[in-house]
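Remarks on the overall topology
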Amino acid sequence: MASRWQQRLVSVVPSCDVCPLQFYVLTLRGILGPKGGQLQQLPRCVPSPVGVGHSGLLFSACSMGNGTSRLYSALAKTLNSSAASQHPEYLVSPDPEHLEPIDPKELLEECRAVLHTRPPRFQRDFVDLRTDCPSSHPPIRVMQWNILAQALGEGKDNFVQCPVEALKWEERKCLILEEILAYQPDILCLQEVDHYFDTFQPLLSRLGYQGTFFPKPWSPCLDVEHNNGPDGCALFFLQNRFKLVNSANIRLTAMTLKTNQVAIAQTLECKESGRQFCIAVTHLKARTGWERFRSAQGCDLLQNLQNITQGAKIPLIVCGDFNAEPTEEVYKHFASSSLNLNSAYKLLSADGQSEPPYTTWKIRTSGECRHTLDYIWYSKHALSVKSALDLLTEEQIGPNRLPSFNYPSDHLSLVCDFSFNEEPDGLL
Ligand SMILES: NC(=O)C1=CN([C@@H]2O[C@H](COP(=O)(O)OP(=O)(O)OC[C@H]3O[C@@H](n4cnc5c(N)ncnc54)[C@H](OP(=O)(O)O)[C@@H]3O)[C@@H](O)[C@H]2O)C=CC1
Ligand SMILES: [Mg+2]
């Protein structure tokens, strides 16, 4: 049976003589092109308020249907080259008049109103990591978070102790937004995003972020009935703080074979200091038995990042759900790379050498799964970590683990404040 997402695809190309899956393949080729493409070039969804009982920020829809159908109608147009050439406006930014900014406080209040029946959220504090390199510029706050794809949470993950009501998207999305609004990162690196076009891109762009999405070529979300499209990595940065210098969507390879895992790497320039750095987001292959595959994907990513940073001349931050414990080969590749990377969350440990005991904690049919899989790597000579957001304690997480009524994902968010070191030249 065709999923709602597949039906939407067909509905936007009624004359198209292909089955939904074939169309999906064509669509992916249309988006990605032979070397991978830039989804950010697609038109942005312009929300219009239709909410009831709210000012409409959270329950907005696009003026021409919802985000997904608008996207795929745009894609259908880009597939038809003559239409695209007659309507080049489909490939340029929307009229800025329609991107009315949102007051973050107003959005936070709307989230809180939606979540009024939920238990109080957890208090997490930033740990000051006192470095002796004072910087005249404001720090760069980076958030890494696997937010849990809605389709996977409801249809595949088997979180046996998590009540289905806790996963309801209209509320869970508010918990995710609340977390983002609570810490206000300058850069947001997300995995398992399957609500980019209808939720995160329209809302975050109105909060001042520029976003890029790169879906997995064969997202497991597409197997789930009533899915909302493929999941993938998303990268957002605040436009008033950074200028985009270049952007690459990378489909990871393992021993030269193309894989189902992706990364986004962007070079940004700080508007205050003029300094450039590279930020990357990835989500490596999951599950035990795939350690060598992950290791190969990590090597490919490191090679790509070597090229993008011109042999480590540009400072680098890599955020990801590596699906690998610190004992795995892929972790060791990153820790010993010639890119001179350190893992930021090690700095929370007493000796600065140990990763946290967990970044994800859930209960599946197979039992309890408590692992350290998520990391923020950074160029250790060029950058300093000024502070990091503490993780939740076992007591806060509670006996049913994650996700829960007061935390929306099975992975915890990681948040760090970085500053540039003064004299990094030659030390990168
Ligand atoms: N539509 C199609 O034609 C095709 C579909 N597929 C689908 O894609 C899947 C493989 O894709 P791939 O990208 O390699 O997926 P992965 O193995 O990387 O895992 C996909 C997702 O499953 C989650 N996951 C991890 N462990 C478990 C578990 N024990 N139970 C349930 N979910 C888990 C992961 O979450 P986390 O990272 O948080 O652990 C991850 O987001 C196949 O299972 C198939 O369903 C594959 C090929 C073609
Ligand atoms: Mg997952």
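How each quantity is defined
Residues numbered from 1 in each chain as written. Chains lettered and ligands numbered in written order. Predicted model: local features only at pLDDT ≥ 70, side-chain atom pairs only at ≥ 80, totals over all residues. Heavy atoms only, no water. UniProt positions renumbered as here; feature names shortened; annotations may be inferred. Pairing = 2+ DSSP bridges. Helix = DSSP H or I, 4+ residues; strand = E, 2+ residues; numbered from the N terminus. Axes fitted to C-alpha atoms, helices over the stretch in contact; angles between N-to-C directions. Contact = heavy atoms within 4.5 Å. Salt bridge = Lys/Arg side-chain N within 4 Å of Asp/Glu carboxyl O. Buried < 20%, exposed > 50% of the residue type's maximum accessible area, 1.4 Å probe, protein only. Parallel < 35°, antiparallel > 145°, perpendicular 65-115°, else oblique. Left-handed = near helix turned anticlockwise from the far one by under 90°. Near = heavy atom within 4 Å. Polar contact = N/O pair within 3.5 Å; in protein donor to acceptor, adjacent residues only side chain to side chain. Areas by Shrake-Rupley, 256 points an atom, 1.4 Å probe, with all protein chains shown as cover. Nonpolar A, V, L, I, M, F, W, Y, C, P; charged D, E, K, R; others polar. Expected span 1.5 Å × (residues − 1).

Looking at an unreviewed UniProt entry, one finds the chain named Nocturnin, with Ceratotherium simum simum as its source organism. As stated in UniProt under Sequence similarities (unreviewed entry), the record for the chain gives "Belongs to the CCR4/nocturin family."

It is worth spelling out the sheet that holds strand S16 (residues 383-389) at this point. Taken in spatial order, the seven strands of this open sheet run S3-S16-S17-S4-S5-S7-S6, and their pairing is mixed. Strands with a single pairing partner mark the edges of an open sheet, and in this sheet they are strand S3 (126-128) and strand S6 (209-215). Averaged over neighbouring strand pairs, the angle between their axes works out to 25 degrees when direction is ignored. Relative to strand S5 (residues 187-193), strand S4 (residues 140-146) runs parallel, the two being bridged by five bridges. From the neighbouring strand, Met143 faces S5, where its bridge partner is Leu188. Set on the sheet, helix H7 (residues 169-183) makes contact with S3, S4, S5, S16 and strand S17 (414-420); between it and S4 the angle comes to about 160 degrees.

With that settled, consider the pattern of salt bridges. Going through the model one piece at a time under the given rule, you end up with 16 salt bridges. A salt bridge links Asp157 to Arg364, with the shortest nitrogen-to-oxygen separation between them at 2.4 Å. Note that Asp157 is positioned in the loop between helix H6 (150-155) and H7 and Arg364 in strand S13 (residues 360-364), a separation of 207 residues in sequence. Between Glu368 and Arg401 there is a salt bridge; the shortest N-O distance is 2.5 Å. Of this pair, Glu368 sits in strand S14 (residues 367-371) while Arg401 sits in the loop between helix H11 (394-397) and S17, and the two are 33 residues apart along the sequence. Sharing partners across several salt bridges, the network here consists of Arg112, Arg121 and Glu178.

A few words now on the environment of Trp377. Topologically, Trp377 is positioned in strand S15 (residues 374-379). Under the relative-accessibility criterion, Trp377 is labelled buried at 1%.

On to the sheet that holds S15. Here six strands make up an open sheet; going across it, the order is S8-S9-S10-S11-S15-S12 and the pairing mixed. For this open sheet the edge positions go to strand S8 (242-254) and strand S12 (341-343), each flanked by a neighbour on one side alone. Taking each pair of neighbouring strands and ignoring which way they run, the sheet shows an average axis angle of 20 degrees. Where S12 and S15 come together, three bridges link them in antiparallel fashion. The residue of S15 that forms the bridge with Leu341 is Ser379. Contacts from helix H9 (residues 291-308) reach S8, strand S9 (257-270), strand S10 (276-283), strand S11 (316-321) and S12 within the one sheet, and its direction differs from that of S8 by about 145 degrees.

Bringing the packing of helix H5 (residues 104-114) against H7 into the picture now. Close contact between H5 and H7 brings their axes to 9 Å; oriented N to C, the two are set at 140 degrees. Judged by the inter-axis angle, H5 sits oblique to H7. Crossing geometry of H5 relative to H7 is assigned as left-handed. Packed against H5, whose contacting residues are Pro104, Leu107, Leu108, Cys111, Arg112 and Val114, the element H7 presents Glu170, Glu171, Cys174, Leu177, Glu178 and Leu181 at the interface.

Close contacts around ligand 1 come from 20 residues, with Lys156, Lys216, Asp223, His283 and Lys285 the closest. At 2.9 Å from an oxygen atom of ligand 1 is found a main-chain nitrogen or oxygen belonging to Ala286. Arg287 is positioned with one of its side-chain polar atoms (N or O) 2.9 Å from an oxygen atom of ligand 1. Notes on ligand 1: free accessible area 920 Å², of which the protein chains cover 75%. Residue composition of the shell around ligand 1, grouped by class: four nonpolar, six polar and ten charged.

Next up on the list: H9. Look at H9: 26 Å from first C-alpha to last across 18 residues, which is about the 26 Å you get at 1.5 Å a residue. Taken as a whole, H9 has its buried residues at Arg294, Ser295, Ala296, Gln297, Gly298, Asp300, Leu301, Leu302, Leu305, Gln306 and Ile308. Summarising the contacts, the buried residues of H9 are in contact with S8, S9, S10, S11, helix H10 (329-335) and S12. With its phi angle positive at about 50 degrees, Gln310 sits one or two positions after the end of H9.

Next up on the list: the UniProt feature "domain: Endonuclease/exonuclease/phosphatase" (unreviewed entry) in the chain. The UniProt entry lists residues 143-411 under the feature "domain: Endonuclease/exonuclease/phosphatase" (unreviewed entry), expressed in the numbering used here. The span residues 143-411 carries 23% helix and 34% strand; its end-to-end C-alpha distance comes to 13 Å.

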